[in-house]
Structure formats: C-alpha cells, structure tokens
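Fold and geometry: a report
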Amino acid sequence: MSRVPPRAGGTRLMDILTFDNVTLGYGSHAAVHHLSGSIARGEKLAVIGGNGSGKSTLLKGIVGLLRPMGGRITRDGATRLAYLPQAAEVDRSFPARVIDLVALGLWTKRGLWGRHSADDIARLHAALARVGLAGFAERPLDALSGGQFQRALFARVIVQQADLILLDESFNGVDQPTEADLLRLIADWSTEGRTVLTVLHDLDTVRQHFPRSLLLARDLIGWGATADVLTSANLARARGYTEAWDDDAPLCEAPPHEHLGGHSHEHTTRTPA
Ligand SMILES: Nc1ncnc2c1ncn2[C@@H]1O[C@H](COP(=O)(O)OP(=O)(O)OP(=O)(O)O)[C@@H](O)[C@H]1O
C-alpha cells in the first residue's frame with residue numbers, strides 16, 4: 001500500500017492543496033475519513049474508488065461546498081478553481097446558448113452581466129474550436145448531445161484559466177473520440193502547470209493517462225504513483241468495502257490521536273469481503 005504520509009511541517013511551496021486529517025460527510029456521517037497529504041502544482045491525479053467511496057464528497061470538500069467535519073483543507077490563497085460536477089448535477093434545461101455557457105467562465109473577470117470585449121469573444125470562440133465545437137456557439141444548450149455538452153463544459157474551463165481543475169466523472173457517457181479529445185486537453189492543462197484532479201472509473205485510462213492516483217474506500221487505500229497504488233492488493237482491499245449507510249453505525253474506530261481535531265462523527269459500517 002502506498003500512502004502519502006502526513007507532514008508536520010506545513011505547506012511546501014509547490015503544494016496547491018493540503019489535507020490535514022480531513023474528515024468529510026453529511027450530517028453526523030463521515031464519508032471520507034482522516035485524509036492527510038498534499039497535492040503539488042501541475043499534478044495530474046486520478047481519484048478512484050467504487051460507488052459511494054467518497055470521491056465526489058472529496059471534490060465537494062475541496063471546492064468548499066462541504067465543510068470538513070474534522071481537520072483542515074488548505075488551498076493556496078491565489079488559486080483559481082474550476083469544478084465540473086457529475087453531469088447528473090448539471091441542469092441544462094435553461095434557455096441559453098452554447099456561447100453563454102462558455103462565457104460563464106469569464107464571470108469572475110466581467111461579472112455576470114458585464115460586457116464582453118472583442119478579445120473576450122475571440123477567446124470564447126477559440127475555446128469552442130479547441131474542444132471541437134467551432135460553429136456551435138449559437139446553438140441552444142438543450143440541442144447538444146451529452147458528449148457535445150461535456151465538450152462545451154471543458155470550453156468553459158479553458159476560459160476560466162484555472163490553476164486547479166476538478167473533474168467529476170467527465171467521461172461518463174461520452175464516446176471514445178470525445179474521451180480522447182478531453183484527455184488531450186487534460187494533458188495540455190497539466191503541461192501548462194495546472195493541477196487536474198479527475199474522478200474516473202476506467203483503470204486502463206488511469207494507468208495510461210494519470211501518473212498519480214488516490215484510491216478511496218471512504219478510508220484512504222493508496223495515494224502516490226499510479227503503478228504503486230493500483231496493485232491487486234489495494235484494489236482487492238478497496239473492493240472489500242461494501243456500500244452501507246447505517247444509522248446505528250459505531251463511532252469512528254480510528255485511533256484516538258486522530259481525533260485531536262475535536263470533531264465527533266459516526267462512521268458508516270464498512271464490511272471487508
Ligand atoms: N447529499 C448527501 N447526503 C447524504 N449522504 C450523501 C450525500 N451525498 C453523498 N452521500 C453519501 O456519501 C457517500 C459517498 O458518496 P460520494 O458521492 O462521495 O461517492 P462517490 O465515490 O462519488 O460515488 P459514485 O462513484 O457512485 O459517484 C455515499 O454513501 C453517499 O450515499
């Protein structure tokens with residue numbers, strides 16, 4: 001098993017994100033337990049694990065949509081963040097054009113109702129061209145296929161110029177050429193020094209395209225070089241946790257010193273196979 005050991009010395013200059021004994025969850029139920037470690041700038045990290053293992057919860061914690069129940073997530077203060085939630089969480093029924101969606105990536109610069117300069121408009125069209133959607137600018141969003149919509153979301157990320165990009169199952173339901181195009185974009189972002197965390201399920205894709213991986217089964221199973229994390233022992237261990245959400249779950253059985261953050265939470269039942 002490969003773990004990133006907790007570091008006592010604070011944040012290294014090259015770190016963009018640091019987790020210090022972080023527990024995340026809903027109500028009093030923990031869904032990610034006692035995570036410690038850090039992510040360096042420019043990393044291309046796959047976040048993997050079975051259904052219900054805490055992957056989306058971790059991303060929501062990083063974005064700030066969930067406050068940690070315990071511990072601390074430290075994000076470099078100047079970090080610009082882009083987050084693509086799972087497609088199921090994105091409403092595309094509102095009457096807007098593709099270019100309006102992509103222009104949302106500029107809102108921190110222009111405000112929601114700010115006027116766009118000629119440069120801005122050129123950037124929006126360049127982003128659409130880069131994701132293979134040249135000529136789609138005026139189309140209504142609800143006239144896009146699932147794969148085209150995913151491409152439009154990636155165009156929005158391009159104009160955001162984010163340093164930290166969080167993608168939650170962005171390849172679900174897209175065809176192979178679209179996935180290949182999106183993976184190329186992710187590689188370009190990493191080359192440009194951006195940090196990309198991608199939740200995904202296909203382990204072959206992880207092995208081919210993501211040098212580093214974080215394997216969750218609510219607890220951290222492994223974190224480090226992908227070859228060291230995706231061992232059969234780690235994967236078997238991750239599979240050994242079954243999904244369960246037990247209202248009468250016992251209190252966290254982690255060692256007492258890990259609770260120095262002062263939080264109290266219940267852990268769901270985890271049943272090794
Ligand atoms: N809003 C919520 N309220 C209560 N429980 C939640 C909520 N969202 C997620 N959970 C629970 O937290 C646990 C982790 O969920 P999470 O969505 O992080 O899993 P995941 O690894 O992203 O799964 P998947 O691969 O199915 O998307 C699950 O048991 C889930 O039922």
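As the structure is a computational prediction, the values presented were derived from the model and not from experiment.

1. Details of the pattern of salt bridges
According to the stated counting rule, one finds 11 salt bridges in the structure shown. The closest approach of N and O atoms between R97 and D100, which form a salt bridge, is 2.8 Å. Put simply, D188 and R130 hold a salt bridge, and the shortest N to O gap is 3.4 Å. Taken as a pair, D188 in helix α6 (residues 176–191) and R130 in helix α4 (residues 118–130) lie far apart in primary sequence, 58 residues in all.

2. With respect to the pairing of strand β1 (residues 15–26)
Consecutive side chains along a regular strand alternate between the two faces of the sheet. Burial analysis of β1 places 10 of its 12 residues in the buried class, which makes it a mostly covered element. Where β1 meets strand β2 (residues 29–40), eight bridges bridge the pair, whose relative direction is antiparallel. Bridge pairing in β2 places L17 opposite I39. The turn joining β1 and β2, which pair antiparallel and follow one another in sequence, is formed by two residues; a positive phi near 60° is taken by G27. Sheet topology note: the β1/strand β4 (residues 70–75) ladder contains five bridges and is antiparallel. Across the sheet, L17 pairs through a bridge with R75, a residue of β4.

3. Let's talk about the site of the ligand
Residues in close proximity to the ligand total 16 residues, the closest being G52, K55, S56, T57 and Q86. Within the side chain of K55, one N or O atom sits 2.7 Å away from an oxygen atom of the ligand. Between the ligand and the protein, one listed contact pairs an oxygen atom with a side-chain N or O atom of E169 at 3.3 Å. The biggest single contributor to the shell around the ligand is helix α1 (residues 55–63), with three residues. Class assignment for the residues of the shell around the ligand results in three nonpolar, nine polar and four charged.

Procedures and definitions
Residues numbered from 1 in each chain as written. Predicted model: local features only at pLDDT ≥ 70, side-chain atom pairs only at ≥ 80, totals over all residues. Heavy atoms only, no water. Salt bridge = Lys/Arg side-chain N within 4 Å of Asp/Glu carboxyl O. Helix = DSSP H or I, 4+ residues; strand = E, 2+ residues; numbered from the N terminus. Buried < 20%, exposed > 50% of the residue type's maximum accessible area, 1.4 Å probe, protein only. Pairing = 2+ DSSP bridges. Near = heavy atom within 4 Å. Polar contact = N/O pair within 3.5 Å; in protein donor to acceptor, adjacent residues only side chain to side chain. Nonpolar A, V, L, I, M, F, W, Y, C, P; charged D, E, K, R; others polar.

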